[in-house]
Amino acid sequence: METGAPAGRGEKRILLAALLFSLLHFASYDIVRQPISKDEGFYLYFAARTAAGDVPYRDFFEHKTPFSIFAGAALQRAGETAGVEPLLVIRGGYLLLAAILLSTVFALVRRLFPEDRPAAWVALALMSGFSLIGLLPAIGNVPKLAAMVFAFLAFLAAHRGRTVIAGVCLSLAAMDWQVIGAVALVALLVSFAVEPPGRRRYRLAGLGAGLCAGIAPFVIYFLLHHGLADFFRMTVISSLSKAADPLVATSPAERWSHRIVRTVRADCAGEEWILALSFAGIVLAPLIARPLFRRRTRGLAVTLLVYQGGILLFSLYDFQGHGDAYPLLVTMALFAAIPAAAAVRFAGAVAVKRAGPRGKNLVTTLAVVAIILAARPSFLRGGMRVDIPRIHRARHLLADQREVATRFFEKVEKGRAAVLYRWEILYLGGARNAVPFTYWNRATCEGSRRADEKGVGVFDLLVRRLDEAAPEAILPKGSDLSREYGAPFRAWLEKHYVERSLASSRRSYKIRYWIRKDSGSAREKGEG
C-alpha cells in the first residue's frame, strides 16, 4: 500500500485549516440575490420535479447522469420540510460541496508532495482565484462538481490501497457526469499498469466490486420506477448522439479560438495570470513527473497526470460554455500550482542559505501569503460578493426573475407553457413543463424520436412535439428563431402564436414568449 504524508494529529489540523479556508471562501458568495441562469436553471427544475415525485428520464428528458438531479431533489425536499427557501438550501449545499472539492484537492497535493508542505496551500489559493468555481454553485445544483469530488476521493482511496472505496467513488462520479467518471477510471487503470501483476489483479478486482456496488442503487431505483430503459437510452445512446450536434461538430481550432477563448475571457476576467501559470505548468509537468515516478507516490502521480490530460483533451474536443469551463479551471489551477510552488521552493532555498531554517520558513510563508493575496479569494474581494456581470450580461437579480415568473403564470396556466429557454421561469413558478424536454438539440431529438420517425429531421420533430402538446405559451431561445430552430419552426410558430414580452419593474430582466392566438391572453396588449 502506498503511503504519503503522515495522518497524525498535526496533519489533521492542517487539513482542517484548509477546510476552514475553503468554507470561508465559499461562504462569501451571495446566494440570496444571485439570479438563476445557465444550465443550473434546468437542473433546478429537474430537482424540483424529482422532489415532487417525477422520475428522471421517464418523466423528463436529460442526457447527463442523475446524481446532481437527486442531490438537488434531496436539498429541495430538505428546504421544504424545514420551512426554508429550497433554492437557498440547494445553493448552500452545493457551495459546501465546492469547499469539500478544494479541501480534497488540498489533501491530494499533500500526499503527492509530502516533503513540500507549501505546495498544497499554493494549489488551494489558485483554485480559490477562479471565481467561476464558486459562482456556478451559488446559482444552484451544478453537474460536474460532485463528479470531481468523487473522482479525487477515488484517487485518494486508491492511493491508500482501498480500491473498493475507490470503485464506489468512481461510479458516483460517473453518475454525476459520464465524462469525468470515464476519464478518472482510465487514469486509475493506467496507474495500475505500474503495479506488479499479482497486486494489479487484486486492485482490479476491488475496483470492479466497488463500481458495481456504487451503481447498484441507481439501477435498483430505475428498475423499481420502470425507468431503467429510459435511463440507459438517454444517458448512453442520446448522449452519444450529441457528438453529431451542430454545436459540437466544429474543428478544434474553431472551438479553441471561439468558444474556449470567449468563455474564458468572460469567466476569468482579472484572473488571466493564473491561466498563464497554467500553460507554464503544462510544459513543466513532464519534468516534475520524472522524479515522482521513482517514489512510492508514483501511482498517484500517474493518476493525476492522466486525469488532468484527459480533461484538457476533452475540452479541446467538446467545449460549449461555462459548465465545461468548470472542471477545466480546476485542472488549470492544478497545473498553475506547479510553477508557483517551484517559485516558493526557490525562494525558500535562497533564504535557507542566508538566514537558515527560520529564514526559510518566514520567506516560504510570506510567498504563500502573497499568492493568496494575488488570487484574492472571495472574502478578500469586499464589494464583489455578487459578481453578476461575470456570467450575466444584464444586472438583473433573483427578485427580478421571481417577479416576472409570478406575472407570467398569472397570464398562462401552470403546466401549459413549453419552456425551451429561461428555465428559471419554471422553477420559480413551481410549474411543470408542457413538454418533457427543456431544451432542444440533436441529443434531445434522438431521445424523443419514436420508432416510426427515423426519417424526420431534428427541427421538424420539434414542431411535431409542440403540435402534439399544443401549449398555451412557448418560451424559445433567441430572437432569430429560424437560425436557432429552423425555418419550419418559425413558420409554425407564427401561424399559431403571437409574440409577447414581460419585463421586471426595474426593467433589468425581460422575457419574450409566444402565446396562442386563440388564448384570452393573446388578445391583451403585449407588455414591453
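Residues numbered from 1 in each chain as written. Predicted model: local features only at pLDDT ≥ 70, side-chain atom pairs only at ≥ 80, totals over all residues. Heavy atoms only, no water.

(A) Structural context of the overall build of the protein chain. In terms of regular secondary structure, the protein chain is built from 21 helices and 4 strands. Here the protein chain, with 528 residues, has 55% of them falling under the buried criterion. Relative to all contacts within the protein chain whose residues are 6 or more apart in sequence, the contacts with residues 24 or more apart total 72%. Of the accessible surface of the protein chain, which amounts to about 22400 Å², a share of 62% is contributed by carbon and sulfur atoms. (Helix = DSSP H or I, 4+ residues; strand = E, 2+ residues; numbered from the N terminus. Buried < 20%, exposed > 50% of the residue type's maximum accessible area, 1.4 Å probe, protein only. Contact = heavy atoms within 4.5 Å. Areas by Shrake-Rupley, 256 points an atom, 1.4 Å probe, with all protein chains shown as cover.)

(B) Main features of unusual backbone geometry. One non-glycine residue, Y57, lies in positive phi territory at about 75°. Structurally, the position occupied by Y57 is in the loop between α2 (40-51) and α3 (67-82). Judged by its relative accessible area of 2%, Y57 falls in the buried class. Unusually for a residue other than glycine, K144 sits at a positive phi of about 90°. Taking relative accessible area as the criterion, K144 reaches 4% and is therefore assigned buried.

(C) Just the packing of helix α4 (residues 86-112) against helix α7 (residues 145-159), in detail. Taken N-terminus to C-terminus, the directions of α4 and α7 make an angle of 30°; their axes are 9 Å apart at the nearest point. What the angle tells us is that α4 and α7 run roughly parallel. The element α4 and its partner α7 pack so that their crossing is left-handed. Across the interface between the two elements, Y94, L97, A98, I100, L101, T104, V105, A107, L108 and R111 from α4 touch L145, A146, M148, V149, F152, L153, F155, L156 and H159 from α7. When its residues are assigned to classes, the contact of α4 with α7 shows 16 nonpolar, 2 polar and 1 charged. (Axes fitted to C-alpha atoms, helices over the stretch in contact; angles between N-to-C directions. Parallel < 35°, antiparallel > 145°, perpendicular 65-115°, else oblique. Left-handed = near helix turned anticlockwise from the far one by under 90°. Nonpolar A, V, L, I, M, F, W, Y, C, P; charged D, E, K, R; others polar.)

(D) Examining the packing of helix α19 (residues 458-469) against helix α21 (residues 487-496) more closely. Taken N-terminus to C-terminus, the directions of α19 and α21 make an angle of 25°; their axes are 8 Å apart at the nearest point. What the angle tells us is that α19 and α21 run roughly parallel. The element α19 and its partner α21 pack so that their crossing is right-handed. Between α19, through D460, L462, V463, L466 and D467, and α21, the contact on the second element is made entirely by P488, F489 and W492. In terms of residue class, the contact of α19 with α21 is made up of 6 nonpolar, no polar and 2 charged.

(E) The arrangement of the pattern of salt bridges in detail. One pass over the full model with this rule turns up 22 salt bridges. The residue E11 makes a salt bridge to R110 at a minimum N-O spacing of 2.6 Å. A residue pair is termed long-range when its members are at least 10 positions apart, and E11 in helix α1 (residues 9-27) and R110 in helix α4 qualify at 99 residues. Given the relative accessible area of 4%, R110 is considered buried. The salt bridge partner of R516 is D518, with a shortest N-O separation of 3.3 Å. For R516, a relative accessible area of 17% translates into the label buried. (Salt bridge = Lys/Arg side-chain N within 4 Å of Asp/Glu carboxyl O.)

(F) Up close: helix α10 (residues 197-224). Taking 1.5 Å per residue as the helical rise, α10 with its 28 residues ought to reach 40 Å, and the 40 Å between its terminal C-alpha atoms agrees with that figure. Taken together, the buried positions of α10 are occupied by R203, G206, L207, G210, G214, F218 and F222. At the exit of α10 stands H226, carrying a positive phi of roughly 55°. (Expected span 1.5 Å × (residues − 1).)

(G) Main features of the packing of aromatic side chains. For the coordinates displayed, the defined rule picks out 30 aromatic pairs. Judged by centre distance (5.3 Å) and plane angle (80°), the ring pair of W177 and F314 falls under edge-to-face. Residue W177 is located in the loop between α8 (163-176) and α9 (178-192), and its partner F314 is located in helix α14 (residues 298-317); the two are separated by 137 residues in the primary sequence. Accessibility expressed as a relative area gives 17% for F314, which makes it buried. Considering the side-chain rings of F222 and F231, the 4.6 Å spacing of their centres and the 10° angle between planes classify their relative orientation as stacked. In this structure, F222 and F231 share a single accessibility class: buried. (Phe/Tyr/Trp six-rings, centres within 6.5 Å; stacked < 30°, edge-to-face > 60°.)

(H) Region of interest: the sheet that holds strand β4 (residues 510-516). Taken in spatial order, the 4 strands of this open sheet run β1-β2-β4-β3, and their pairing is mixed. Unpaired on one side and paired on the other, β1 (417-419) and β3 (497-503) mark the two borders of the sheet. Ignoring strand direction, the axes of neighbouring strands in this sheet form an average angle of 25°. Relative to β4, β3 runs antiparallel, the two sharing 7 bridges. Residue pairing for β4: L502 is matched across the bridge by I511. Across the sheet, helix α16 (residues 398-411) lies against β1, β2 (473-475), β3 and β4, angled at about 145° from β3, the strand it touches most. (Pairing = 2+ DSSP bridges.)

(I) Molecular detail of the pairing of β4. Counting buried positions over the 7 residues of β4 gives 5, a clear majority of the element. Here β3 hands over to β4 after 6 residues, with R507 in that stretch at a positive phi of 60°.

(J) View of the confidence of the model for the protein chain. The predicted model of the protein chain has a mean per-residue pLDDT of 87, with 90% of residues at 70 or higher. Counting contacts from residues 1-6, a segment whose pLDDT is below 50, to residues more than four positions away or on other chains yields 24 contacts. (pLDDT = per-residue confidence, 0-100.)

(K) Quick look at the nonpolar core. Residues F152, F155, Y307 and F408 are the most contacted members of the largest nonpolar core, which totals 153 residues. In contact with Y307, not counting residues within four places along its chain, are M148, A151, F152, F155, I180, V183, A184, A187 and T331. (Core = buried A, V, L, I, M, F, W, Y, C linked by side-chain atoms within 4.5 Å.)

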